[in-house]
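Spelled out from the first residue to the last, the chains are:
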Amino acid sequence: MAGSANLNIMMKAARKAARGLIKDFGEVENLQVSAKSAGDFVSRADIAAEELLKEELLGARPSYGWLGEEGGGMDGKDPTRRWIVDPLDGTTNFLHAMPHWAISIALEHKGEIVSAVVYDPAKDEMFYAEKGEGAWLNDNKRLRVSNRHRMIESVFATGVPFAGNRDLPITLQELARLMPTCAGVRRWGSAALDLAYVAAGRYEGYWERGLNAWDLAAGMLIVKEAGGFVQAMNPEDSVLESGSVLASNEPIFDQFSKVIRSA
Ligand code: 2AM
Ligand code: CA
């Protein structure tokens, strides 16, 4: 797809930030970083990536606002547009030298996500979408959610809450309900990629709570533009404000959301 000028800025910024992150990931992989100092090393890599993205994105569009995982929020001169950025989604994977993490960049206009990029540097997979223009992978592969409609053939993904998170009991209950009905559940640790994979038809659905806007903003548009459904856990809520998400292809959405919401 020949994307808009903004989409091109976003992809260029993602590739540039990826170069630094890939280098840092190599150091973690090759045990150049001791287990003791790895946490600090990765959080520095994360901050450096966000700074680079900020320079690129605000450099190209100085009037836009900003919401980032590391740097927090900042209003722009143009109150209707802002970048929503997670420089490194899947930090725990990165820290443990597992090649499954992503850079997530969304552009919000008047409260709606209009452009989205989720880039997985380790696999060189660039997922992107623009409102009304469809969702795409790399140069020209159009993304479509899967068409499986039987729960027993469907694979789902989730994020099981981390240390001390109060959502653990409900998530375990949901897993107990869902697992006997389906072909499998995956827990890969990057919300942005989980959404991109639903869009790509790799798994049928994904749900998680306790997330932030920057984990979800880009992936959410990519799923919608691939023909999928996205709702907050409570259908009345906004996904970005609630930090909760239920996403799937259309044929499985009713069954999937019923199982999860009845837990
Ligand atoms: P992160 O890697 O940017 O932190 C996986 O279940 C999702 O949860 C990821 O998108 C991950 O984003 C997020 N996550 C993991 N640990 C987290 C924490 N301590 N606080 C908030 N989000 C977290
Ligand atoms: Ca994240």
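As a starting point, this report considers the structure included with it. (Residues numbered from 1 in each chain as written. Chains lettered and ligands numbered in written order. Predicted model: local features only at pLDDT ≥ 70, side-chain atom pairs only at ≥ 80, totals over all residues. Heavy atoms only, no water.)

Orientation of helix α5 (residues 191-199) relative to helix α6 (residues 213-225), taken along the N-to-C sense of each, is 0°, at an axis distance of 8 Å. Looking at the two axes, α5 sits roughly parallel to α6. Two secondary-structure elements touch here, α5 through A191, A192, L195, V198 and A199 and α6 through D215, L216, G219, M220, I222 and V223. Across the contact of α5 with α6, the residue classes break down as nine nonpolar, one polar and one charged. (Axes fitted to C-alpha atoms, helices over the stretch in contact; angles between N-to-C directions. Helix = DSSP H or I, 4+ residues; strand = E, 2+ residues; numbered from the N terminus. Parallel < 35°, antiparallel > 145°, perpendicular 65-115°, else oblique. Contact = heavy atoms within 4.5 Å. Nonpolar A, V, L, I, M, F, W, Y, C, P; charged D, E, K, R; others polar.)

Below, the discussion takes up the pattern of salt bridges. Throughout the structure, instances matching the rule amount to 12 salt bridges. Its salt-bridge partner being K123, residue D120 comes within 2.7 Å of it at the nearest N-O pair. Residue classification places D120 among the buried positions, given a relative accessible area of 0%. Under the relative-accessibility criterion, K123 is labelled partly exposed at 36%. (Salt bridge = Lys/Arg side-chain N within 4 Å of Asp/Glu carboxyl O. Buried < 20%, exposed > 50% of the residue type's maximum accessible area, 1.4 Å probe, protein only.)

Right, let's get into the environment of I22. For I22, the position within the fold is in helix α1 (residues 5-29). Remark: the alpha-carbon pair of I22 and G184, spanning 162 residues in sequence, is separated by 31 Å. In this view, I22 contacts W101, P121 and A122; residues no more than four positions away in its chain are not counted.

Here we take up the coordination of the calcium ion (ligand 2). In the first shell of the calcium ion (ligand 2), the protein supplies D86 (OD), D89 (OD) and D215 (OD), at 2.1 to 2.3 Å from the metal. Here the donor residues of the calcium ion (ligand 2) are spaced in sequence according to D-x2-D-x125-D. Pair noted here: D89 is in strand β3 (residues 81-89) and D215 is in helix α6, with a separation of 126 residues, a long-range link. The pair D89 / D215 is uniform in exposure class, with both members buried. (Donors = N, O, S within 2.8 Å, 3.2 Å for Na, K, Ca; no water.)

Let's shift gears to the packing of aromatic side chains. Tallied over the full model, the rule gives 11 aromatic pairs. Measuring from ring centre to ring centre gives 5.4 Å for F25 and W101, while their planes differ by 55°; the resulting arrangement is tilted. In this pair, F25 is assigned in helix α1 and W101 in the loop between α3 (91-95) and β4 (102-109), connecting sequence segments 76 residues apart. In this pair, the class of F25 matches that of W101, namely buried. Their ring planes at 70° and their centres at 4.9 Å tell us that F94 and W101 sit as a pair that is edge-to-face. An identical accessibility class is assigned to F94 and W101; each is buried. Grouping aromatic residues by their ring pairs yields a cluster made of F127, W188, Y197 and Y203. The aromatic ring of Y119 is capped on one face by R15, whose charged end is 5.2 Å from the ring centroid. One residue, R202, lies across the ring of Y197, its end atom 4.6 Å from the ring centre. (Phe/Tyr/Trp six-rings, centres within 6.5 Å; stacked < 30°, edge-to-face > 60°. Lys NZ or Arg CZ within 6 Å of the ring centre and 35° of its normal.)

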